[in-house]
Amino acid sequence: MEHFLAVARICYIIVLEKKLEISKDIIYGTAFLHDLGRMEEYEKGKSHEEAGADLAEEILPECGYEPWEISLITDTIRGHRREGQSDPESFSDIFYDADKLSRDCIHCSAKKECYWPEDKKNNRYRY
């Protein structure tokens, strides 16, 4: 839960800074669902971004999201691990950045054993 909230808050700050019109419902909906597919990744080998988007497609209509919002959220979930997609003003790129900036590598208890390369670790706070 901590990770989902951190991603949402950072994403929301970036959206506000860029003066973009992306609702909190879209930001928080995406953040809460973006890693939902981890179980299928571990159990079935399916990418968690694809599994998460599939689950989101089932959940979001019941939460009152419009079809265009569901499409934006699920496309963003499917692409949330793709670096440098192309448009720094796009929700997908902003969400990617927020997801990475949410990592608390500075205080991580597994820092010494971590397999992430140093250039991928978030070793400073921006938000």
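All chains use their own residue numbering, which begins from 1 and follows the written sequence. Given that the model is predicted, a residue must reach a pLDDT of at least 70 before its local features are reported, and side-chain atom pairs must reach 80 or more before they are shown or counted; all residues, however, enter totals for whole chains, interfaces and linings. Each side-chain value is worked out from all heavy atoms of the structure, with water and hydrogens disregarded.

**With respect to the overall build of the protein**
Step number 1: Strands here mean DSSP runs of E at least two residues long; helices mean DSSP runs of H or I at least four residues long; both are numbered from the N terminus. The helix and strand inventory of the protein stands at six helices and zero strands.
Step number 2: Listing the helices and strands of the protein from first to last along the sequence gives α-α-α-α-α-α.
Step number 3: Note on method: radius of gyration uses C-alpha positions; expected globular size equals 2.2 Å times residues raised to 0.38. The C-alpha radius of gyration of the protein comes to 15 Å, within 12% of the 14 Å expected for a compact globule of 127 residues.
Step number 4: Dimensions of the protein, computed from C-alpha atoms along their principal axes, come out at roughly 45 × 40 × 25 Å.
Step number 5: Each residue's exposure class comes from its accessible area (1.4 Å probe, protein chains only) as a fraction of the maximum for that residue type: buried when under 20%, exposed when over 50%, partly exposed otherwise. Looking at the protein as a whole, 38% of its 127 residues are labelled buried.
Step number 6: Two residues form a contact once any of their heavy atoms are found within 4.5 Å. Pairs at least 24 residues apart make up 51% of the contacts formed inside the protein by residues separated by at least 6 positions.
Step number 7: Per-residue accessibility takes into account occlusion by the displayed protein chains alone, with areas from the Shrake-Rupley method and a 1.4 Å probe. For the protein, the exposed surface amounts to about 7900 Å²; the carbon and sulfur share of it is 52%.
Step number 8: Counting rule applied: Lys, Arg positive; Asp, Glu negative; His and chain ends not counted. Charge coordinates come from a single atom per side chain, which is NZ of Lys, CZ of Arg, CG of Asp or CD of Glu. Charge separation in the protein, taken as the distance between the mean sites of 18 positive and 27 negative side-chain charges, equals 7 Å.

**Overview of the pattern of salt bridges**
Step number 1: Salt bridges are defined by distance alone: a side-chain nitrogen of Lys or Arg within 4 Å of a carboxyl oxygen of Asp or Glu. Applying the stated criterion across every chain, the model contains four salt bridges.
Step number 2: In this structure, the salt-bridge partner of Arg-78 is Asp-54, at a minimum N-O distance of 3.1 Å. Here Asp-54 lies in helix α4 (residues 48-59) and Arg-78 lies in helix α5 (residues 67-78), a separation of 24 residues in the sequence.
Step number 3: Glu-57 serves as the salt-bridge partner of Arg-78, at 3.4 Å between the closest nitrogen and oxygen.

**Regarding the packing of helix α2 (residues 24-33) against α5**
Step number 1: Helix axes are fitted only over the stretch in contact, all axes being lines through C-alpha atoms; the angle between N-to-C directions runs from 0 to 180 degrees. Two elements in contact, α2 and α5, have axes separated by 10 Å at closest approach and are oriented at 40°. One element, α2, and the other, α5, form an angle in the oblique class. Judged by the twist between their axes, the crossing of α2 over α5 is right-handed. Only Trp-68, Glu-69, Leu-72, Ile-73, Thr-76 and Ile-77 of α5 make contact with α2, whose side of the interface consists of Ile-26, Thr-30 and Leu-33.
Step number 2: Three categories are distinguished: nonpolar for Ala, Val, Leu, Ile, Met, Phe, Trp, Tyr, Cys and Pro, charged for Asp, Glu, Lys and Arg, and polar for the others, with Gly belonging to the last. Taken together, the residues of the contact of α2 with α5 break down into six nonpolar, two polar and one charged. Each angle receives one of four descriptions, namely roughly parallel if under 35 degrees, roughly antiparallel if over 145, roughly perpendicular if within 65 to 115, and oblique otherwise. Crossing handedness: left-handed means the near helix sits turned counterclockwise from the far one by under a right angle, and right-handed means the same turn made clockwise.

**Overview of the confidence of the model for the protein**
Step number 1: Per-residue confidence from the prediction method is given by pLDDT, with values spanning 0 to 100. Taken over all residues, the pLDDT of the protein has a mean of 86, while the share at 70 or more is 95%.
Step number 2: Mean pLDDT values for the elements of the protein range from 79 in helix α3 (residues 38-44) up to 95 in α2.

**A closer look at the environment of Asp-93**
Step number 1: Topologically, Asp-93 is positioned in helix α6 (residues 91-101).
Step number 2: Along the backbone, Asp-93 and Glu-118 are 25 residues apart, and their C-alpha atoms lie at a distance of 21 Å.

**What to know about the nonpolar core**
Step number 1: Residue types Ala, Val, Leu, Ile, Met, Phe, Trp, Tyr and Cys, when buried and joined through side-chain atoms within 4.5 Å, form a set referred to as a nonpolar core. Of all hydrophobic cores here, the largest spans 23 residues; its most connected members are Cys-11, Ile-27, Leu-60 and Phe-91.
Step number 2: Elements with a minimum of two residues in this core: α1 (2-17), α2, α4, α5 and α6.
Step number 3: Here the element with the most residues in this core is α1; it accounts for six residues.
Step number 4: Setting aside chain neighbours within four positions, we find Phe-91 in contact with Cys-11, Ile-22, Ile-26, Ile-27, Thr-30, Leu-72 and Thr-76.

**Structural notes on α6**
Step number 1: Among the 11 residues that make up α6, 10 are buried, leaving the element largely enclosed by the rest of the structure.
Step number 2: Every buried residue of α6 is accounted for by Phe-91, Ser-92, Asp-93, Ile-94, Phe-95, Tyr-96, Ala-98, Asp-99, Lys-100 and Leu-101.
Step number 3: Turning to α6, the residues buried within the fold contact α1, α2 and α5.

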